[in-house]
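In case you want the letters, here they are:
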Amino acid sequence: MKKHFWKTALLCLGLAACGKEEEFPKPVLVTTPPVSTDGLHAKLPFPFGAAVNVNLIRNNAQYRNLVAKEMNSITAENAMKPAALHPSKDLYVWNDADYLVEFAKQSGKRVHGHTLIWHQSLPAWLENYNGTPAEFEQIFKTHIQTIVSHFKGKVASWDVVNEAFENEGGTLRNSVWRRILGDDYIARAFQYAHEADPAALLFYNDYGHEYGPTKRNAIINLVNSLKARGIPIHGIGMQMHTRYNQSDANLTAAITTAASTGLKVHISELDISMNPEKTQGIMLTPATAQLQATRYKFIVKAYNGIPKEQQFGITTWNVTDGDSWVPGFNGAPDWPLPFDKNYQPKPAYQGIIEGVQ
Ligand code: G3I
């Protein structure tokens, strides 16, 4: 018992982040980036941000300075997921996420939290949970409320539930949450998050709004029914991991249908694949880069057309082509983001600006 206590205490000290009630020293930033008044965000009438990699913010000055200048909102690409924050039942690890929050504070950025409840990036102890539903409900509530309370007043908004629907279809995914807690885990997640921070804006986030009506309608019906029941949901996140040849009609339908809920709309993970065919050995040419710019412009223009009070903002999923998840995931070259791997703006950058002109 004693041995176990010291082992846990040493682990906690090593991680500098154990237990919800303890206070930890503020992270010390490598440099303090200034609050930027120019950059892309300043040219747009709604917040503009990116998902960021905390290691690059810490260790790569070009990356850090680019984010500091161009964005006024950030999402943690991975640092606020359950596997990162809550690796075992009684252990929460805050260092990386706190570092990002401090970076955002010093450089004047909003922080959007991603994500409290998801079927991926779960620690093994949650994914393989094998106890009673009542015990799991308590774990679920404590997980949500410990994280939301830790960031209360610092994280403006949360993706409370992420990707509850199956890939293409309208059926709920059989995640560990749904299997043990039932379909209404979604509503309760929002209630628990709201109890922990009544000022935080709470989003349901998913992908595939632009695939077609099946998944889109399922998502919109869920969100509308939560709203009708008085569940505290304030926004809808559409990830929009899209491709250069997605149809205008599908992109427009995704944006206008989300807006029809009356909730805030976040394009939360935007990237535009230029090689969805996964062809090996190709390059981005000036012509394809220009084509990508027209797609960014189209999406931004459609988004700019929804009511101002519903425009929560647009977030790209990471910053430069060199940091994107897409080439690794597809196993093929790709260039989905508005900055190239040398931290230079691409034609897509100008396309985004033209989308609001
Ligand atoms: O941190 C470990 C590292 O210690 C280890 O050496 C390395 C070996 O592979 O893995 C690292 O973890 C990886 C992590 O990214 C950080 O790079 C995970 O294996 C990998 O699964 C994880 O992928 C992330 C993925 O979500 C799963 O969480 C991607 O970076 C991230 O872009 C992606 O983001 C998701 C959104 O959260 C939800 N919507 C879709 C989007 C794209 O898949």
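What counts, and at which threshold
- Residues numbered from 1 in each chain as written.
- Predicted model: local features only at pLDDT ≥ 70, side-chain atom pairs only at ≥ 80, totals over all residues.
- Heavy atoms only, no water.
- Helix = DSSP H or I, 4+ residues; strand = E, 2+ residues; numbered from the N terminus.
- Rg over C-alpha atoms; globule rule 2.2 N^0.38 Å.
- Buried < 20%, exposed > 50% of the residue type's maximum accessible area, 1.4 Å probe, protein only.
- Contact = heavy atoms within 4.5 Å.
- Near = heavy atom within 4 Å.
- Polar contact = N/O pair within 3.5 Å; in protein donor to acceptor, adjacent residues only side chain to side chain.
- Areas by Shrake-Rupley, 256 points an atom, 1.4 Å probe, with all protein chains shown as cover.
- Nonpolar A, V, L, I, M, F, W, Y, C, P; charged D, E, K, R; others polar.
- pLDDT = per-residue confidence, 0-100.
- Salt bridge = Lys/Arg side-chain N within 4 Å of Asp/Glu carboxyl O.
- Core = buried A, V, L, I, M, F, W, Y, C linked by side-chain atoms within 4.5 Å.
- Phe/Tyr/Trp six-rings, centres within 6.5 Å; stacked < 30°, edge-to-face > 60°.
- Lys NZ or Arg CZ within 6 Å of the ring centre and 35° of its normal.

## Some points on the overall build of the protein chain
Then comes step 1: When helices and strands are counted, the protein chain shows 14 helices and 9 strands.
Then comes step 2: On C-alpha atoms alone, the protein chain measures out to a radius of gyration of 20 Å, which is about the 21 Å that the 2.2 N^0.38 rule sets for 357 residues.
Then comes step 3: C-alpha extents for the protein chain along the principal axes are approximately 65 × 45 × 40 Å.
Then comes step 4: The buried share of the protein chain, taken over its 357 residues, is 55%.
Then comes step 5: Contacts spanning at least 24 positions in sequence make up 78% of the contacts within the protein chain whose residues lie at least 6 apart.

## Focus on the site of the ligand
Then comes step 1: The ligand sits among 14 residues. The nearest are Glu77, Lys81, His114, Ser121 and Glu269.
Then comes step 2: The separation between an oxygen atom of the ligand and a polar side-chain atom of Asn78 is 3.0 Å.
Then comes step 3: The fraction of the free accessible surface of the ligand (790 Å²) that becomes covered by protein chains is 45%.
Then comes step 4: Residue composition of the shell around the ligand, grouped by class: 3 nonpolar, 7 polar and 4 charged.

## Details of the confidence of the model for the protein chain
Then comes step 1: Across the protein chain, pLDDT averages 93, with 93% of residues at or above 70.
Then comes step 2: The least confident element of the protein chain is helix H1 (residues 2–15), whose mean pLDDT is 39; the most confident is helix H9 (residues 185–196), at 99.
Then comes step 3: Below a pLDDT of 50 lies the segment residues 1–22, which in the model reaches 23 contacts outside its immediate sequence neighbourhood of four places, other chains included.

## Concerning the pattern of salt bridges
Then comes step 1: The full count for this structure, using the stated rule, is 9 salt bridges.
Then comes step 2: Among the salt bridges present, the one from Arg188 reaches Glu137, with a minimum N-O distance of 2.7 Å. A residue pair is termed long-range when its members are at least 10 positions apart, and Arg188 in helix H9 and Glu137 in helix H7 (residues 133–150) qualify at 51 residues. Just as Arg188 is buried, Glu137 falls in that class too.
Then comes step 3: Of the charged contacts in the structure, one is a salt bridge between Lys346 and Asp321, with a shortest N-O distance of 2.8 Å. Taken together, the residues span a long stretch of sequence, with Lys346 in the loop between helix H13 (326–330) and helix H14 (347–354) and Asp321 in the loop between strand E9 (311–316) and H13 at a distance of 25 residues.
Then comes step 4: Residue classification places Asp321 among the buried positions, given a relative accessible area of 8%.

## Looking at the nonpolar core
Then comes step 1: Within the largest apolar cluster, 101 residues are counted, with the highest numbers of intra-cluster contacts made by Met80, Phe151, Trp158, Val161, Trp177, Phe190 and Tyr204.
Then comes step 2: For this core, the leading source of residues is H9, giving 8 residues.
Then comes step 3: Among residues more than four places away in sequence, those in contact with Tyr204 are Val161, Glu163, Ala164, Phe165, Phe190, Ile219, Leu222, Val223, Ile233, Gly235, Ile236 and Gly237.

## Focus: the environment of Leu251
Then comes step 1: Here Leu251 shows up in helix H11 (residues 248–259).
Then comes step 2: Sequence separation between Leu251 and Ala156 is 95 residues; the distance between their C-alpha atoms is 27 Å.
Then comes step 3: In contact with Leu251, other than residues within four places in its own chain, are Glu210, Met240, Thr242, Gln246, Arg295, Phe298 and Ile299.

## Things to note about the packing of aromatic side chains
Then comes step 1: Counted according to the given criterion, the structure contains 14 aromatic pairs.
Then comes step 2: Note on Tyr129 and Phe136: the rings are 4.6 Å apart at their centroids and 25 degrees apart in plane angle, and the pair reads as stacked. For the pair Tyr129 and Phe136, one class covers both residues: buried.
Then comes step 3: For the pair Phe136 and Trp177, a centre-to-centre distance of 5.3 Å together with 20 degrees between the ring planes defines the contact as stacked. Taken together, the residues span a long stretch of sequence, with Phe136 in helix H7 and Trp177 in helix H8 (residues 176–181) at a distance of 41 residues. The same class applies to Phe136 as to Trp177, namely buried.
Then comes step 4: Among the aromatic residues, ring-to-ring pairing joins Tyr129, Phe136, Phe140, Trp177, Tyr185 and Tyr192 into one connected group.
Then comes step 5: Positioned above the aromatic ring of Phe312, the side-chain terminus of Arg110 is 3.7 Å from the ring centre.

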